[in-house]
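Examining the three-dimensional arrangement
Here are the chains, one letter per residue:
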Amino acid sequence: MKILVVSDCESRYLWDYYTPDKLEGIDLILSCGDVKASYLSFLATFAHCPVLYVRGNHDDRYEQEPPLGCICIDGDLYEYKGLRILGLGGSMRYNNGINQYTEREMNRRVWRLLPRIMRKRGFDILLTHAPGKGMVDCHDLCHTGFETFNKLLDKYQPALFLHGHTHLNYGRNIPRESRYGQTRVVNGYERYILEL
């Protein structure tokens, strides 16, 4: 399956300079958050596949104007063609944004999903906005990752962990790809295509 991951920054390559061949062969689009609703709606209009998303810490505006033609899987376990995708948006709480959580609040979100995760016998992709704790060399509270995500990866060992939030242009110590145990970790900043 060919997956396009988008996050944090609208890709001019896809949006401003769009040609149909740029989305050709894409089987699924996953957004890690913090992109304009109109951008996701644009992708949903021209792609011949679903666009699934979680909310980023700057996506409060999705409450009034959600991306049209897209599916929000934030706080949900969604299945597409046998692929089980667990969506958990938001970042560490650093002010009063509606898509920000303390570690304890994120842990509670996961506890509510555990019966579904167990029924489905795990998940294949963890789609989040923030990274796992210690996965990215950012030390401010906003960009600190969630230990809850690390625990999910330890227990279920999904094939993929997709996140955004820590922009690749923050510094050269922020990796596009890494590994966490058996899981391939991908920072979806702007756009990235991968095969699963």
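Given the structure is predicted, the values throughout are model-derived calculations rather than measurements.

1. A closer look at the overall build of the chain
Within the chain, the regular secondary structure consists of three helices and 13 strands. Its C-alpha atoms give the chain a radius of gyration of 15 Å, near enough to 16 Å, the size a compact globule of 196 residues would have. In terms of overall dimensions, the chain has a C-alpha envelope of 45 × 35 × 35 Å along the principal axes. The burial tally for the chain puts 54% of its 196 residues in the buried class.

2. So, the side chain of Arg84
Checked against the element boundaries, Arg84 lands in strand E6 (residues 83–88). On the basis of relative accessible area, Arg84 is assigned to the buried category, the value being 17%. Looking at Arg84, its side chain comes within polar contact range of the main-chain oxygen of Lys120, at 2.7 Å. Residues in contact with Arg84, not counting those within four places in the same chain, are Leu77, Tyr78, Glu79, Lys120, Arg121, Gly122, Phe123, Asp124 and Ile125.

3. Points about the sheet that holds strand E9 (residues 125–128)
In space, the six strands of this open sheet follow the order E5-E6-E9-E10-E12-E11, with mixed pairing throughout. Lying at the two open borders of the sheet, with one neighbouring strand each, are strand E5 (76–80) and strand E11 (177–180). On average, each strand axis in the sheet is tilted by 25° relative to the strand beside it, whichever way the strands run. Lying on the sheet, helix H2 (residues 103–119) is in contact with E5 and E6; it crosses E6 at an angle near 160°.

4. Section: the sheet that holds strand E3 (residues 51–53)
Here we have five strands laid out as an open sheet, ordered E4-E3-E2-E1-E13, and mixed in their pairing. Edge positions in the sheet fall to strand E4 (71–72) and strand E13 (190–195), since each has one partner strand and no second. As defined by bridge partners, strand E1 (residues 2–7) adjoins E13 across six bridges and the pair is classed as antiparallel. Residue pairing across strands places Ile3 opposite Leu194, the latter belonging to E13. Sitting on the sheet, helix H1 (residues 37–46) is in contact with E1, strand E2 (28–31) and E3, with an inclination near 150° to E3.

5. Description of H1
Across the 10 residues that make up H1, a large majority, seven, are buried. Every buried residue of H1 is accounted for by Ala37, Tyr39, Leu40, Ser41, Phe42, Leu43 and Ala44. Tucked into the core, H1 has its buried residues touching E1, E2 and E3.

6. Notes on the environment of Leu83
As for its placement among the helices and strands, Leu83 is situated in strand E6. Note on Leu83: relative accessible area 11%, which makes it buried. Through-space distance from the C-alpha of Leu83 to that of Phe123 is 7.7 Å; in sequence the pair is 40 residues apart. Not counting chain neighbours up to four residues away, the residues in contact with Leu83 comprise Met1, Ile3, Leu28, Tyr78, Asp124, Ile125 and Leu196.

7. Let's talk about the pairing of strand E12 (residues 183–187)
The buried count for E12 comes to four of five residues, which makes it a mostly enclosed element. Where strand E10 (residues 160–163) lies against E12, four bridges are found, and the strand directions are parallel. Residue pairing across strands places Leu162 opposite Val186, the latter belonging to E12. Note that E11 and E12 share four bridges and pair antiparallel. Paired with Glu177 across the bridge in E12 is Val186. Linking E11 to E12, which pair antiparallel, is a turn of two residues; within it Gly181 sits at a positive phi near 60°.

8. Quick notes on the pattern of salt bridges
Counting across every chain of the model gives 11 salt bridges. Between Asp74 and Arg109 there is a salt bridge, with the nearest N and O atoms lying 2.6 Å from each other. Here the residue Asp74 occupies a position in the loop between E4 and E5, and Arg109 occupies one in helix H2, the gap between them amounting to 35 residues. Accessibility classification places Asp74 together with Arg109 in one group, the buried group. Across the pair Arg184 and Glu177 runs a salt bridge, and its minimum N-O distance is 2.8 Å. A residue is classified by how much of its surface remains accessible, and Arg184, at 22% relative accessible area, is partly exposed. The structure contains a network of salt bridges with shared partners spanning Arg55, Glu63, Asp74 and Arg109.

Parameters and conventions
- Residues numbered from 1 in each chain as written.
- Predicted model: local features only at pLDDT ≥ 70, side-chain atom pairs only at ≥ 80, totals over all residues.
- Heavy atoms only, no water.
- Helix = DSSP H or I, 4+ residues; strand = E, 2+ residues; numbered from the N terminus.
- Rg over C-alpha atoms; globule rule 2.2 N^0.38 Å.
- Buried < 20%, exposed > 50% of the residue type's maximum accessible area, 1.4 Å probe, protein only.
- Polar contact = N/O pair within 3.5 Å; in protein donor to acceptor, adjacent residues only side chain to side chain.
- Contact = heavy atoms within 4.5 Å.
- Pairing = 2+ DSSP bridges.
- Axes fitted to C-alpha atoms, helices over the stretch in contact; angles between N-to-C directions.
- Salt bridge = Lys/Arg side-chain N within 4 Å of Asp/Glu carboxyl O.

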